[in-house]
Amino acid sequence: MKISNEVKIGLLTIIAIGFAFWGYKYVQGNNLLSRAQNYYAIYNSAAGITVGTPVRIAGVGVGSVSGVTLDQKTLTARIDFNINPNIDIPPATLATIKSISVLGEMAVDLTYPSPCGGDIPCLESGSELIASSQSFLQSFMGGGDGEENPLANITAQLGEVMNQIDDRFFGDTSSHVLARTTRNLAETMENMNSATSRLDNLLATNTSPINRSMRSLASFAEQLSAKQAELTLIIDNTQGFTSELSKLELQETLTQTRNLLDSVSLTMSNANRSMAGVGNIMTSIQSGEGTLGKLIYDEEMAASIERMSGSLDTLLTDFAERPYRYMPFKSRNRVIRFDRKDARDRADQVQMIPDEGAEGR
């Protein structure tokens, strides 16, 4: 029986479609020619995981991710795995999502504490694995959920280094300039705290005077507000005055001011010379030079002046009592007659004075 070309083409097309479907599934990690085991795990995040992401044990590929679905109610992601049928999966197997290259390539590593077999039964296909994930840094340094923190040693070493730095640069017994500066700064802060406390006490003690001052200030502000219209008028007048003043000839004013300053400077110079002369005179007087100096410091001259003053006083008294002696038109006989008359008058006055002793008797 001869097969037509159309049938041959159809068969080849079917075979090609079959191979394409098998290759697509194989690329996704599903080998249609072998019976695989199916497992799944629930993750809070499936970032970077796609269908076909390899599943490994100890770095050896044992399957692939066959599906990634989202549960919108719980906001979790379910990842399904196809595992080769000859791989036994024990209980407590940890399915850890991690990065396997710096380019962001992801994989799911299966780890377990002990293999199954004997007393430990293996997980059946369709079972749920324990979900775990590692950050990019943890993926290259080791550690994950349920494992020891890989940064613990580094943290301890960094802590020791920081302690040494603290002792070296900030310790109480360190002589480093930073340590001394820190201690000085601490003392300064203590002094500032003490000063602040004293200031608080001072404010607490003087609260009443401060309140009175504030009330006085408020009263002054009220009075100032009441005088606002008058102040506005004064300011307007001042502005008008300054505007008129700005119209004056500035150069002429400066010239007059300069001349005035020159006159003041000349006057001050003359005053300085006068003061210097007065100072010289005072120095001469203090040293006993000149008439005034001798008058102040020479005792003999002072005594002479005192005698002269007594004589002058006697002369003035005599002039007051007997002025006729000093009249140029008086003759000598008249002067003698007036003297005798004055003597008789004084004798009569003495007799008219009552005797206090006689009155007592």
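Position numbers for residues count from 1 along each chain, tracking the sequence in the order it is written. Where local features are concerned, this predicted model is filtered to residues with pLDDT of at least 70; where side-chain atom pairs are given and counted, the filter is 80 or more; whole-chain, interface and lining totals use all residues. Side-chain descriptors were evaluated using all non-hydrogen atoms of the structure, hydrogens and water having been removed beforehand.

> Even after reading the chapter, I still don't get the pairing of strand E5 (residues 94-99), so can you show me in this structure?
On a regular strand, each side chain points to the face opposite its neighbour's, so the side chains alternate between the two faces of the sheet. Categorising residues by exposure relies on relative accessible area from a 1.4 Å probe, with only protein chains included: less than 20% of the type maximum marks a residue as buried, more than 50% marks it as exposed, and the intermediate range marks it as partly exposed. Starting at the N terminus, helices and strands are each numbered in turn, a helix being any DSSP run of H or I of at least four residues and a strand any DSSP run of E of at least two. Burial within E5 is extensive, with 6 of its 6 residues counted as buried. What you see with E5 is no split at all: Leu94, Thr96 and Lys98 on one side and Ala95, Ile97 and Ser99 on the other are buried throughout. Two strands are said to pair when DSSP picks up at least two bridges between them. Sheet analysis places E5 next to strand E6 (residues 106-111), joined by 6 bridges and oriented antiparallel. Residue Leu94 lies in a different strand from E6, and its bridge partner there is Thr111. Two successive antiparallel strands, E5 and E6, enclose a turn made up of 6 residues, where Gly104 displays a positive phi of approximately 95 degrees. Judged from the 4 bridges that link them, E5 and strand E7 (residues 130-133) form a sheet pairing that is parallel.

> Got a minute to help me understand the packing of aromatic side chains in this structure?
Aromatic rings in a pair are described by how distant their centres are and how their planes are angled relative to each other. Whether two aromatic rings pair depends on their centres lying within 6.5 Å, for rings of Phe, Tyr and Trp, where Trp uses its six-membered ring; planes under 30 degrees apart make the pair stacked, over 60 edge-to-face, and the rest tilted. Taken as a whole, this structure holds 0 aromatic pairs when the rule is applied. As a reminder, the over-ring test applies to NZ of lysine and CZ of arginine, requiring each to be within 6 Å of the ring centre and within 35 degrees of the ring normal. When the ring centre of Tyr40 is taken as origin, the NZ or CZ atom of Arg78, which lies over that ring, is 3.9 Å away.

> I keep staring at unusual backbone geometry and nothing clicks. Help me out?
Most peptide bonds adopt trans geometry, and most residues besides glycine take a negative phi value. Positioned with a positive phi, Ala58 is a non-glycine residue whose angle comes to about 60 degrees. With respect to the secondary-structure elements, Ala58 resides in the loop between strand E2 (54-57) and strand E3 (60-71). Here Ala58 falls in the exposed class, since its relative accessible area comes to 78%. Phi is positive for Leu75, close to 55 degrees, though the residue is something other than glycine. With a relative accessible area of 64%, Leu75 lands in the exposed category.

> For this particular structure, what's the right way to read the state of the cysteines?
In protein structure, a disulfide is the covalent linkage between the sulfur atoms of two cysteines. Criterion for a disulfide: a pair of cysteine sulfur atoms within 2.5 Å. One pass over the structure, following the stated rule, counts 1 disulfide. There is a disulfide in this structure between Cys116 and Cys122, and the S-S distance comes to 1.8 Å. Across the S-S bond linking Cys116 and Cys122, the dihedral sits near 80 degrees, which makes this disulfide right-handed.

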